[in-house]
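Notes for the structure review
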Amino acid sequence: QQQQQQQQQQQQQQQQQQQDSPDATTGNQIRIFVSDMCLHDMSEQLDFLVLAKASGILDKKAFFVLTLKCTTGYSKQSFDAQVKQVLNRLSETLPTQGVATYHLFANRSGERTVM
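Below is a summary of the structure that appears in this document.

Calculation notes
Residues numbered from 1 in each chain as written. Predicted model: local features only at pLDDT ≥ 70, side-chain atom pairs only at ≥ 80, totals over all residues. Heavy atoms only, no water. Helix = DSSP H or I, 4+ residues; strand = E, 2+ residues; numbered from the N terminus. Buried < 20%, exposed > 50% of the residue type's maximum accessible area, 1.4 Å probe, protein only. Areas by Shrake-Rupley, 256 points an atom, 1.4 Å probe, with all protein chains shown as cover. Pairing = 2+ DSSP bridges. Right-handed = clockwise from strand over helix to strand, strands pointing away. Contact = heavy atoms within 4.5 Å.

1. Overview of the overall build of the protein
In terms of regular secondary structure, the protein is built from three helices and four strands. In the protein, the order of α-helices and β-strands from amino to carboxyl end is α-β-α-β-α-β-β. Expressed as a percentage of the 115 residues in the protein, the buried residues total 27%. Element-wise, carbon and sulfur atoms account for 49% of the exposed surface of the protein, whose accessible area totals about 8400 Å².

2. Focus: the pairing of strand β2 (residues 58-69)
Two elements, strand β1 (residues 30-35) and β2, share five bridges in a ladder whose sense is parallel. From the neighbouring strand, F33 faces β2, where its bridge partner is F64. On the question of chirality, the crossover connecting β1 to the parallel β2 by way of helix α2 (residues 43-54) is right-handed. Examined bridge by bridge, β2 and strand β4 (residues 111-114) share four bridges and lie antiparallel to one another. Bridging from a neighbouring strand, L68 pairs with R112 of β4.

3. Some remarks on the side chain of S35
In this structure, S35 sits in strand β1. With near-sequence residues (within four places) excluded, S35 lies in contact with Q45, V65, L66 and T67.

Here it is as structure tokens:
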């Protein structure tokens, strides 16, 4: 009987820990990640997204919006090539679906919005 009580207490503790931990079933994770930081190295935007994912605060199907701000180059081709490098790294680092890049009307010439 004492052993049963201990097992019940352990189960209750495990259930409480599961409820306290962030996961998609309890709704404690971030479902939308938006970053518009101006960083010297725009690939650091991706680093913050990867860090958020690795720390467990992002829902596994989280939607993300990153504004990549190119700090070198002057041409559309240069900006697009730099963004493509970050996107290649994104696809190698995180499982993603339907990633698209936009040059929004509010973006400056060297900015691209990735969703």
